[in-house]
Amino acid sequence: MDRKAYVKRETKETRIEASLNLDCGACEVNTGIGFFDHMLELFAKHAGMGLTVEAKGDLHVDCHHTVEDVGIVIGKLLKEAAGDKEGIKRYGHSVIPMDEALSEVVIDFSGRSFFVLKGEIPCVRLGEFETETVQEFFTSLANNAGMNLHIIVHYGTNTHHIIESVFKAFAHALRQATSYDPNQKGVLSTKGVL
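Rules of the game
- Residues numbered from 1 in each chain as written.
- Predicted model: local features only at pLDDT ≥ 70, side-chain atom pairs only at ≥ 80, totals over all residues.
- Heavy atoms only, no water.
- Helix = DSSP H or I, 4+ residues; strand = E, 2+ residues; numbered from the N terminus.
- Rg over C-alpha atoms; globule rule 2.2 N^0.38 Å.
- Buried < 20%, exposed > 50% of the residue type's maximum accessible area, 1.4 Å probe, protein only.
- Contact = heavy atoms within 4.5 Å.
- Areas by Shrake-Rupley, 256 points an atom, 1.4 Å probe, with all protein chains shown as cover.
- Phe/Tyr/Trp six-rings, centres within 6.5 Å; stacked < 30°, edge-to-face > 60°.
- Pairing = 2+ DSSP bridges.
- Right-handed = clockwise from strand over helix to strand, strands pointing away.
- Polar contact = N/O pair within 3.5 Å; in protein donor to acceptor, adjacent residues only side chain to side chain.
- Expected span 1.5 Å × (residues − 1).
- Axes fitted to C-alpha atoms, helices over the stretch in contact; angles between N-to-C directions.
- Parallel < 35°, antiparallel > 145°, perpendicular 65-115°, else oblique.
- Left-handed = near helix turned anticlockwise from the far one by under 90°.
- Nonpolar A, V, L, I, M, F, W, Y, C, P; charged D, E, K, R; others polar.

1. Brief notes about the overall build of the protein
The helix and strand inventory of the protein stands at four helices and ten strands. The order of α-helices and β-strands along the protein, N terminus first, is β-β-β-α-β-α-β-β-β-β-β-α-β-α. Relative to its length of 194 residues, the protein is compact, with a C-alpha radius of gyration of 16 Å against a globular reference of 16 Å. Principal-axis analysis of the C-alpha atoms gives the protein an extent of 50 × 35 × 25 Å. Here the protein, with 194 residues, has 51% of them falling under the buried criterion. For the protein, the proportion of contacts with a sequence separation of at least 24, taken over those separated by at least 6, is 78%. Per element, the accessible surface of the protein, about 9200 Å² overall, is 50% carbon and sulfur.

2. Side note on the packing of aromatic side chains
Scanning all chains against the criterion turns up nine aromatic pairs. Consider the rings of phenylalanine 36 and phenylalanine 129, whose centres lie 6.0 Å apart with planes at 20°: the pair is stacked. Here phenylalanine 36, found in helix α1 (residues 34-47), pairs with phenylalanine 129, found in strand β9 (residues 129-130); they are 93 residues apart in sequence, far enough to count as distant. Each member of the pair, phenylalanine 36 together with phenylalanine 129, is buried. Three or more aromatic residues joined by ring pairs make a cluster, and in this case those are Phe35, Phe36, Phe43, Phe115, Phe129, Phe137, Phe138, Phe167 and Phe170.

3. A word on the pairing of strand β4 (residues 50-57)
Relative to β4, strand β2 (residues 14-21) is paired through eight bridges, and the arrangement is antiparallel. The residue bridging asparagine 21 from the neighbouring strand is glycine 50, located in β4. Sheet topology places strand β3 (residues 27-30) next to β4; four bridges connect them, and they run parallel. Across the sheet, the residue bridging to cysteine 27 is leucine 51, located in β4. With α1 bridging β3 and the parallel β4, this β-α-β connection has left-handed handedness.

4. Quick word on the side chain of threonine 159
Counting through the fold element by element, threonine 159 comes out in helix α4 (residues 159-178). Here the side chain of threonine 159 touches cysteine 123 through a polar contact of 3.0 Å, landing on its backbone nitrogen. Setting aside chain neighbours within four positions, we find threonine 159 in contact with Ile121, Pro122, Cys123, Leu126 and Thr131.

5. Describing the environment of phenylalanine 35
Note on placement: phenylalanine 35 falls in helix α1. Take phenylalanine 35: its relative accessible area is 10%, and that puts it in the buried class. Expressed as a C-alpha distance, the spacing of phenylalanine 35 and glycine 127, which sit 92 residues apart in the sequence, is 7.0 Å. Beyond its immediate stretch of four places on either side in the chain, phenylalanine 35 contacts Leu126, Phe129, His160 and Ile163.

6. Overview of α4
In a regular helix each residue adds 1.5 Å, so 20 residues correspond to 28 Å; α4 covers 29 Å between its end C-alpha atoms and thus fits that length. At the N-terminal end of α4, a side-chain oxygen is found 3.0 Å from the backbone nitrogen of histidine 160, two or three residues along, and the residue is asparagine 158.

7. A few points about the packing of helix α3 (residues 133-145) against α4
The contact between α3 and α4 brings their axes to 12 Å, and the two run at 15°. Here α3 is positioned roughly parallel relative to α4, judged by the angle of their axes. For the pair α3 and α4, the sense of crossing is left-handed. Contact residues: Val134, Phe137, Phe138 and Leu141 in α3; Ile163, Val166, Phe167 and Phe170 in α4. Here the residues of the contact of α3 with α4 are counted per class, giving eight nonpolar, no polar and no charged.

8. Here's the deal with the sheet that holds strand β1 (residues 4-10)
In space, the four strands of this open sheet follow the order β1-β2-β4-β3, with mixed pairing throughout. A strand with exactly one partner marks an edge of an open sheet, and here the two such strands are β1 and β3. Each adjacent strand pair in this sheet contributes to an overall mean axis angle of 5°, direction not counted. Of the strands in this sheet, β3 and β4 are in contact with α1, which crosses β3 at around 165°. Where helix α2 (residues 64-82) meets the sheet, its contacts fall on β1, β2 and β4, and the angle it forms with β1 comes to roughly 145°.

Quick look at the structure:
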């Protein structure tokens, strides 16, 4: 089964072209926001997915629109690439440390959207990246992918480490949720659809 997707999205604020392969591939990301590129690259590596993102946004304003819209696009890519979700595990859970920081992510790739973020991100800015946009990114992604996404930052003091542990935990939880269960026939739902 070919679990790939391509999305092109253009607004007055951003132009984004992106592709995703759920099962393998290289990563090439350029959003114009160095720290965000780093997070997307490590996400793809840890998820074992191929990801390309070329984004041009109104960075002269701030990074909000670019980060939020990339979240929309990656959510759409995930939804399209997963198809009818037949045979996937559906649920994913991961707890990942990054030095002094520890984050936990739980996913239900159910077709229903819900997002919760619990925990503190102490610093407002990392380079040109506004850390409050972490919430915007994952909100947009969860809404457009159709997943329940719960992120808990248990603790940490270094903002870079905290956010990196979140993206890595998300990657591992997503990899688990989208992986195949050889014993699962159809979709994992008593409704028969996800």
